[in-house]
Amino acid sequence: ICFPFTCFINSAISLSPPRVSRSRSMSLFSASRRDTSHSSFSHLDAASISAASKVYIRSFSELSNSDVPLVGGKNASLGEMYNSLTPLGIRIPHGFAVTASAYQLLLQQPFECAPPPNKTRMLARDAETVGDAINNVMSHLVDVEDTAMLADVGKACRCIIANAPIPEELEAVIALASAELRAKYGDTAITVAVRSSATAEDLPTASFAGQHDSYLNVHPKGAALLTAIRSCFASLYTDRAIRYRIDRGFEHSQVLMSVGVMGMVRSDVASAGVMFTMDTESGHDGVVFITGSYGLGENVVQGAVDPDEWLLHKEMYKTGKRG
């Protein structure tokens, strides 16, 4: 089976392993009164935060490939990699997923946008919730070949999500998960990659590669993290993603967005790239194909650099020889 190591796009194999063992007895993202007593969410009771955390947050250590409906293809694969490869000594950056249920919660929030004559409000008509506003806007896209209308509709949908209020309980559990991640790495100055993970991507019949947005070197605390997460949610309605769903026969309302938050690796002191478990040109599955360059892996993916390339032969490695 070919498994692209897409985590290398934003975060290569971890050079700084977490200082806290994943075998500790306390759940990574459990909430307690001690956790919230000195935070801005101290008025929320611990039981409510704990319940919300179970619905809206999943640690990579809790995920596998079977969790695509909950956290999308990318996050499910990252969880599978973390749990399968960490015991083998391969250091995968840790992180957590903001689930598709959190995105659904955002859709239930009151619709807020600039007052008339704002085009977004006109397209959304008299919608009461974020989800209703998006449905109203999308109803104006009758002809996908009308690129002007496609651009207006996409921009309006992204505006609606970007201005949607984040519920307090969701903000609280994101803050707690981020604090746990920073503590796990023992570095309060750690930055994170905030990555989109749609429930319809990385499928056998549709990859959605490059359709949604991700953000690098985000400060994992406060407004910066929340803005990046909400921007990932909004990228479900980029013009290219809308067109791609229509071309592939996906109902817009049936595709949900999850967001992954994972520790960044110091690519300024190393390199990054992409690895595939087969040759992408010939389809030969007896080799591992690696491309890499100094700096961030997105430079390789976007074609901004001419990367180094390696083809490693699996059978030679099995016999103890260099590939």
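Everything here concerns the structure above.
Just so you know, these numbers come straight off a predicted model, no measurement behind them.

Criteria and thresholds
- Residues numbered from 1 in each chain as written.
- Predicted model: local features only at pLDDT ≥ 70, side-chain atom pairs only at ≥ 80, totals over all residues.
- Heavy atoms only, no water.
- Patch = residues over 30% accessible without salt bridge, like charges linked within 9 Å, V, L, I, M, F, W, Y side chains within 5 Å.
- Areas by Shrake-Rupley, 256 points an atom, 1.4 Å probe, with all protein chains shown as cover.
- Salt bridge = Lys/Arg side-chain N within 4 Å of Asp/Glu carboxyl O.
- Lys, Arg positive; Asp, Glu negative; His and termini not counted.
- Charge placed at Lys NZ, Arg CZ, Asp CG, Glu CD.
- Helix = DSSP H or I, 4+ residues; strand = E, 2+ residues; numbered from the N terminus.
- Pairing = 2+ DSSP bridges.
- Axes fitted to C-alpha atoms, helices over the stretch in contact; angles between N-to-C directions.
- Contact = heavy atoms within 4.5 Å.
- Buried < 20%, exposed > 50% of the residue type's maximum accessible area, 1.4 Å probe, protein only.
- Arc of directions from axis to C-beta.
- Parallel < 35°, antiparallel > 145°, perpendicular 65-115°, else oblique.
- Left-handed = near helix turned anticlockwise from the far one by under 90°.
- Nonpolar A, V, L, I, M, F, W, Y, C, P; charged D, E, K, R; others polar.

Quick look at a negative patch on the surface now. Where like charges cluster on the molecular surface, the negative patch consists of E281, D306, D308 and E309. Structurally, E309 can be placed in strand β8 (residues 308–313).

Turning our attention to the sheet that holds strand β3 (residues 192–198). Spatially, five strands are ordered β1-β2-β5-β3-β4 in an open sheet, and the strand pairing comes out antiparallel. Each edge of the open sheet carries a strand with a single partner, namely β1 (57–59) and β4 (214–218). The sheet shows a mean angle of 20° between the axes of neighbouring strands, taken without regard to direction. Examined bridge by bridge, strand β2 (residues 95–98) and strand β5 (residues 257–263) share four bridges and lie antiparallel to one another. When the sheet's bridge partners are listed, F96 is paired in β5 with V261. Strands β1 and β2 of the sheet are contacted by helix α2 (residues 46–56), whose axis makes an angle of about 70° with β1.

Looking now at the pairing of β2. Judged by which residues are buried, β2 turns out to be covered on both faces: G95 and A97 on one side and F96 and V98 on the other are all buried. Note: β1 against β2, three bridges, orientation antiparallel. Opposite I57, over in β2, you have V98 as the bridge partner.

Along helix α10 (residues 239–248), the residues classified as buried are A241, I242, Y244 and R245. Looking down the long axis of α10, one finds its buried residues gathered within 165° of arc, a one-sided arrangement. On its buried side, α10 packs onto α6 (130–138) and α7 (147–162). Looking one or two residues beyond α10, the residue adopting positive phi is G249, at roughly 80°.

Right, let's talk about the packing of helix α8 (residues 168–185) against helix α9 (residues 223–234) for a bit. Two elements in contact, α8 and α9, have axes whose closest approach is 11 Å; the angle formed by their N-to-C orientations is 115°. In terms of orientation, α8 and α9 fall into the roughly perpendicular class. Crossing angle aside, the handedness with which α8 passes α9 is right-handed. Of α9, the residues touching α8 (which contributes E171, I174 and S178) are L225, L226 and I229. Along the lines of polarity and charge, the residues of the contact of α8 with α9 split into four nonpolar, one polar and one charged.

With that out of the way, let us pick up the pattern of salt bridges. It is possible for side chains bearing opposite charge to pair when their charged atoms get close. By the definition in use, this model includes five salt bridges. Between D239 and R158 there is a salt bridge; the shortest N-O distance is 3.3 Å. With D239 in helix α10 and R158 in helix α7, the pair connects residues that are 81 residues apart, well separated along the chain. For D239, a relative accessible area of 28% corresponds to the partly exposed category. K318 is the partner of E315 in a salt bridge, and the nearest nitrogen-oxygen pair spans 3.4 Å. You can see E315 and its partner K318 sitting in helix α12 (residues 314–318), three residues apart, about one turn around the helix. By relative accessible area, E315 is classed as exposed at 51%. Under the relative-accessibility criterion, K318 is labelled exposed at 64%. Residues joined in a network through salt bridges with shared partners are E145, R243 and D247.

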